[in-house]
Amino acid sequence: METIQITLPDGATRDVPSGTTAAQIAGQISPRLAKEALVARAGDELVDLSRPLDHSVKLSILTAKDPDAVQVFRHSAAHLLAAAVLELYPGVKLGIGPPIENGFFYEFLRAEPFTPEDLEKIEAKMRELAARDISNERKLIPKPEAIELYRKSNQEFKCELVEEKATEPMVSFYITGKFIDFCRGPHIPSTGRIRAFKLMNVSGAYWKGHEGNPQMQRIYGACFIEQKELDEYLHRLEEAKRRDHRRLGQELDLFSVQDDAGPGLIFWHPKGGIIRRQMEDWLRAELLRRGYDLVYTPHIMLLDLWKTSGHANFYRENMFGPIEVEKAEYQLKPMNCPGHILIFKSRLRSYRELPIRLAELGTVYRYERSGVLHGLLRVRGFTQDDAHIFCMPDQIEKEIQDCVEFAWEVLRVFGFDRYEVELSMRDPARPGDYAGTVEEWERAENALTKTLKRMNVPYKHMPGEAVFYGPKIDVKLVDAIGRLWQLSTVQFDFNLPRRFQLEYVGEDGSRHQPLMVHRALWGSVERFFGVLIEHYAGAFPAWLAPVQAAVLPLSEKMMEYAHKVTKQLKDAGFRVHLDDRNEKLQAKIRDAQLEKIPYMLILGGKEAEAGTVSVRHRSKGDLGPRPVEQFIADLRQEIDSRVIA
């Protein structure tokens, strides 16, 4: 019998008969590994544990610790869903069923909509099939036979997939009990391991994502290896609902989207406006301290400017249509960079002036389809905290480092202590997607890479994720419930300086082309505000809170003293609300808590006589009496220090 050599991850080798399976090798290594194994990696290919190995190969046995194995597990759960649906609703048409982050989905065409009651029945059937521990068996079928199989069962979408995607004469299918599906695999050995799952919801999706195609019903499910993981995930979802910035924005009267004005356009209400002012005041002061100059540019400029910049070519689908004025075409700006470039170009610059850092809280307009708009997080008009740095080649790495350190400071000040960094680079296989030469791209990518390595910043390499004009560093913050948010970005650009023929006079008296850095820290004021609402669950720290203290007199008799205390606090520069309603104290406290006001100052006879306030904090409860002057000093210290509480 022919022998093949299996090389394990630690370098050890085993000589086994050809046809030995990964499951058998796992059993030879240890019974525990055999029990925990989900799938195998043979060379660069994921394979079923039951797949016979017919050549020498490097083999890894994957368990739940490997992300690829978890995705295979979730793919098998999608097949379990389809099997359950077909048993309950035999006439349903099948689409696709891939794994996704935290779970899976499968698409179906059915005349009647799936109801919540249907999902309960389907989930129960899935548990029944899982309990039977049904094998997932791979079978190869000739392509004509596969197409005929689906034709006979009236599964036209599957016919279409086999005709389009099956490139080999023999087509891979997986059988789970009565269910058979065209699928490359691999899958976990059987259904018995699939226990920690929950069907979540149903949504509509056009077949293959194209409007005009039949609309499928997509059933989504959450799926994890262990029940504890599923329970934690469901808890996070509930917490996310509680923190939803759209609901809190309405309850706290922070912002709105008005149907009369159109979707994706944000109206900042007075309380939201106060928070925005605090955010922007801090940022402007910090920009000036770090050597930036503040500029302002028009919201609309000639379309030819965007042709020069390349946006009209590379970014057209994200721009609103041009506006004709006096036979000339104008464009609502989707970016601030061309405006800053024109300011730089307004006169010839000397190397002594560089680096020039131009910053603007500039409002831009981008066309987003209505289906993707989402509160403050995905909008059509928003204000970027934008900056563009024009510098010489020997200054570029320091400027990039300064931008990254500025991003760290933003995270610290606004209460985020965890983040992840990604380095987005070009895909060399798609040169038409990018402007510039290979040499320029290599220089830019090397500059960003060297900077991150010098700063000892761990990062994830993201090939193919660069913008068209250069590579970029993205900082993703982690919020209070562990979610990632894309915000800060630092982007290298050699393209626009060349397109706009930017020049400076060097030390040698000759003219040179500057390099350019695009930098945004919040991404946009709107998006960052939405993230803050959800991170704090609407309970902003005192320095940001629209109302920092509520004065709550016990009765009408305390009103004179309440007005005096309110005036003292306002004179000290605090944002204060006097609740002078003829309501019981508990009702006033409840309402202040609902408004998430940091401090409640309760005033009774004892406080009026002693010149004190009884201090209550929204989360810490009763803090006891303090002289008014002491409370003012304490609150001033908390605000000036930007305490996150």
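Calculation notes
Residues numbered from 1 in each chain as written. Predicted model: local features only at pLDDT ≥ 70, side-chain atom pairs only at ≥ 80, totals over all residues. Heavy atoms only, no water. Axes fitted to C-alpha atoms, helices over the stretch in contact; angles between N-to-C directions. Helix = DSSP H or I, 4+ residues; strand = E, 2+ residues; numbered from the N terminus. Parallel < 35°, antiparallel > 145°, perpendicular 65-115°, else oblique. Left-handed = near helix turned anticlockwise from the far one by under 90°. Contact = heavy atoms within 4.5 Å. Nonpolar A, V, L, I, M, F, W, Y, C, P; charged D, E, K, R; others polar. Patch = residues over 30% accessible without salt bridge, like charges linked within 9 Å, V, L, I, M, F, W, Y side chains within 5 Å. Areas by Shrake-Rupley, 256 points an atom, 1.4 Å probe, with all protein chains shown as cover. Salt bridge = Lys/Arg side-chain N within 4 Å of Asp/Glu carboxyl O. Lys, Arg positive; Asp, Glu negative; His and termini not counted. Charge placed at Lys NZ, Arg CZ, Asp CG, Glu CD. Pairing = 2+ DSSP bridges. Right-handed = clockwise from strand over helix to strand, strands pointing away. Buried < 20%, exposed > 50% of the residue type's maximum accessible area, 1.4 Å probe, protein only. Arc of directions from axis to C-beta. Core = buried A, V, L, I, M, F, W, Y, C linked by side-chain atoms within 4.5 Å.

Put simply, helix H5 (residues 143–152) and helix H6 (residues 156–165) touch, their axes get as near as 8 Å, and they point 165 degrees apart. In terms of their interaxial angle, H5 and H6 are classed as roughly antiparallel. Seen along the crossing, H5 lies across H6 with a hand that is left-handed. Contact residues: Lys-143, Ala-146, Ile-147, Tyr-150 and Arg-151 in H5; Lys-158, Cys-159, Val-162 and Glu-163 in H6. Residues of the contact of H5 with H6, tallied by class, amount to five nonpolar, no polar and four charged.

A word on a negative patch on the surface. There is a patch of like negative charges on the surface, built from Glu-226, Glu-229, Asp-231 and Glu-232. Among the secondary structure elements, Glu-229 is positioned in helix H7 (residues 227–243).

Along any regular strand the residues' side chains alternate between the sheet's two faces. Sheet analysis places strand S23 (residues 419–425) next to strand S24 (residues 460–463), joined by four bridges and oriented parallel. Opposite Leu-423, over in S24, you have His-461 as the bridge partner. A crossover links S23 with its parallel partner S24, the connecting element being helix H14 (residues 438–454), and its sense is right-handed.

Take helix H1 (residues 22–29) next. For H1, every residue scored as buried is listed here: Ala-22, Ile-25 and Ala-26. What you see down the axis of H1 is that its buried residues fit within an arc of 105 degrees, all on one side. Along its buried surface, H1 packs onto strand S1 (3–7), helix H2 (31–36), strand S3 (39–42) and strand S5 (57–62).

Ranked by internal contacts, the top residues of the largest apolar core, which has 88 residues, are Met-279, Phe-414, Phe-528 and Phe-540. No other element matches the nine residues that helix H13 (residues 396–413) contributes to this core. Dropping the residues within four chain positions of it, Phe-414 is found in contact with Met-279, Trp-282, Trp-522, Phe-528, Leu-532, His-535, Tyr-536, Trp-543, Leu-544 and Ile-644. In terms of nonpolar packing, the next biggest core, distinct from the first, is built from 36 residues, Val-39, Tyr-89, Ile-134 and Ile-225 among them.

Our next topic: the packing of helix H9 (residues 270–289) against helix H16 (residues 525–536). Between H9 and H16, the least distance of the axes is 11 Å, while the angle of their chain directions is 110 degrees. In terms of orientation, H9 lies roughly perpendicular with respect to H16. Along its contact with H9, which presents Gly-272, Ile-275, Arg-276, Met-279 and Glu-280, the element H16 presents Val-525, Glu-526, Phe-528, Phe-529 and Leu-532. Among the residues making up the contact of H9 with H16, the classes are represented as six nonpolar, one polar and three charged.

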